[in-house]
Amino acid sequence: MKTISVAHSPDADDIFMYYAIKFGWVTPKDARFENIADDIESLNQATLKGEYDICAISFALYPFVKDDYALLKTAVSFGQGYGPKLIKKKGTVLKKNFKVALSGEFTTNALLFKIAYPNARITYLNFLEIEEAVLNGTVDAGVLIHESILTYNQELEVEREMWDIWVELSGGDLPLPLGGMCLRRSIPLHDAINYENTLIKAVDVANKNRKVLSKMLLEKGLIRVNAETLDKYLDLYANDDSVKMSDIQYKALDKLYELGYKNGFYENLVKSQDFLIPSEYEELRAK
């Protein structure tokens, strides 16, 4: 039986979406999934090096790895009226060249931030360290991601929502693409389809059994937040829209990649649906 490495972040939505497999509710055919949890920028860097078979990534990374990884249709996180937050100490005024902490060079929030604030001085920190860096004055501001957007210190305030930056840049009301998953292209197509279908089923099963799964995760100490915050967070990032990407989500991804291309971050203009696993192959094969 093949062992397939599946890497995801330790934040609540990724844990939630994967653990239907970890608890044995969903299993891949003829393979064993071995999961690894790491912060999202570490996963981005690992994907650039080709370390994992299947990996969670920031959507902004994908154009850099498209030749080696296919984009998966499931386990996606989009914001709709919400997303990462640019925060600072209450009452402070940010200068044009303010120093800011971001959670990684290849994160989606970093791409949007660089377009919106070209004069800011950027430093990269683990997302768990950003809030404290702002509080102790190491940086003037920071972009919070994951559960931090719900739990940040009361001495801090929001300077700007990344959602608002996205709306201004995208010119419409498209959902904000944040993160998804990709799969190594060297995996045989039949197996790739099997693995993707397993993940789609796992996210669907988790979503449909949210109360039971959330309780198990909390009881086993696998989540960093309490029950109330977990419930709020899953409302945002692990929901019906996470199971399988929709047409409007593909459109939002394409807009993200268009912005990155026009602003010089990507060499080529990428269309998301050109890089999916061709699951229709199985239907043709069965005929």
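Above this text you will find the structure in question.
Because the structure is a prediction, the values reported are computed rather than measured.

Okay, the overall build of the protein chain next. Scanning the protein chain from terminus to terminus reveals 13 helices and eleven strands. Relative to a compact globule of 287 residues, whose C-alpha radius of gyration would be 19 Å, the protein chain shows 19 Å and is just as compact. For the C-alpha atoms alone, the extent of the protein chain along its principal axes is close to 65 × 45 × 35 Å. Look at the contacts in the protein chain between residues 6 or more apart in sequence, and 76% of them connect residues 24 or more apart.

Right, let's get into the nonpolar core. One finds Phe16, Phe33, Ile54, Leu183 and Tyr195 to be the most contacted residues of the largest nonpolar core, which totals 48 residues. In this structure tyrosine 195 touches Lys2, Ile4, Ala31, Phe33, Ile54, Leu183 and Ile187, once residues within four positions along its chain are discounted. The next biggest cluster of nonpolar side chains, apart from the first, holds 44 residues, and it includes Tyr69, Ala110, Leu111 and Leu178.

Moving on, we come to the sheet that holds strand S7 (residues 99-102). Overall, mixed pairing links the five strands, which are arranged S8-S7-S9-S6-S10 in an open sheet. Pairing within the sheet leaves two strands with one partner each, and these edge strands are strand S8 (121-124) and strand S10 (156-161). Recorded for the sheet is a direction-independent mean angle of 30 degrees between the axes of neighbouring strands. In this structure, S7 lies alongside strand S9 (residues 141-144), joined through two bridges in parallel fashion. By the bridge assignment, alanine 101 is partnered in S9 with glycine 142. In the packing of helix H4 (residues 108-116) onto the sheet, the strands contacted are strand S6 (85-89), S7, S8, S9 and S10, and the crossing angle to S7 comes to about 160 degrees. Strand contacts of helix H7 (residues 162-170): S6, S9 and S10, with the helix running at about 10 degrees to S10, the strand carrying the most contacts.

In total, this model carries one cavity of 30 Å³ or more according to the counting rule given. In this structure, the largest cavity spans a volume of roughly 400 Å³. In this structure, the largest cavity is lined by 29 residues; those nearest its centre are Asp13, Ser77, His146, Leu178 and Gly179. For the lining of the largest cavity, the elements supplying multiple residues, two or more each, are strand S1 (2-8), helix H1 (12-22), strand S3 (54-58), H4, strand S11 (176-184), helix H8 (189-208) and helix H10 (227-237). Looking at the lining of the largest cavity residue by residue, the classes come out as 16 nonpolar, ten polar and three charged.

Taken N-terminus to C-terminus, the directions of H1 and H8 make an angle of 105 degrees; their axes are 8 Å apart at the nearest point. Classified by the angle their axes make, H1 and H8 are roughly perpendicular. Residues Phe16, Met17, Ala20 and Ile21 of H1 pack against Thr198, Leu199, Ala202, Val203, Val205, Ala206 and Asn207 of H8. Within the contact of H1 with H8, the residues separate by chemical class into nine nonpolar, two polar and no charged.

A few words now on the pattern of salt bridges. Scanning the entire structure with this criterion turns up 15 salt bridges. A salt bridge links glutamate 159 to lysine 88, with the nearest nitrogen and oxygen atoms 2.7 Å apart. Of the two residues, glutamate 159 sits in strand S10 while lysine 88 sits in strand S6, which places them 71 residues apart along the sequence. The exposure class of lysine 88 is buried, given its relative accessible area of 8%. Between glutamate 228 and lysine 232 there is a salt bridge whose closest N-O contact spans 3.6 Å. Of this pair, glutamate 228 and lysine 232 both sit in helix H10, separated by four residues, roughly a single helical turn. Residue class for glutamate 228 comes out exposed when judged on its relative accessible area of 55%.

Conventions and cut-offs
- Residues numbered from 1 in each chain as written.
- Predicted model: local features only at pLDDT ≥ 70, side-chain atom pairs only at ≥ 80, totals over all residues.
- Heavy atoms only, no water.
- Helix = DSSP H or I, 4+ residues; strand = E, 2+ residues; numbered from the N terminus.
- Rg over C-alpha atoms; globule rule 2.2 N^0.38 Å.
- Contact = heavy atoms within 4.5 Å.
- Core = buried A, V, L, I, M, F, W, Y, C linked by side-chain atoms within 4.5 Å.
- Buried < 20%, exposed > 50% of the residue type's maximum accessible area, 1.4 Å probe, protein only.
- Pairing = 2+ DSSP bridges.
- Axes fitted to C-alpha atoms, helices over the stretch in contact; angles between N-to-C directions.
- 1 Å grid on protein atoms, 1.4 Å probe; cavity = no way out; pocket = protein on both sides within 12 Å on 5 of 7 lines; lining within 4 Å.
- Points joined across faces, edges and corners; volume = space filled by probe spheres on them.
- Nonpolar A, V, L, I, M, F, W, Y, C, P; charged D, E, K, R; others polar.
- Parallel < 35°, antiparallel > 145°, perpendicular 65-115°, else oblique.
- Salt bridge = Lys/Arg side-chain N within 4 Å of Asp/Glu carboxyl O.

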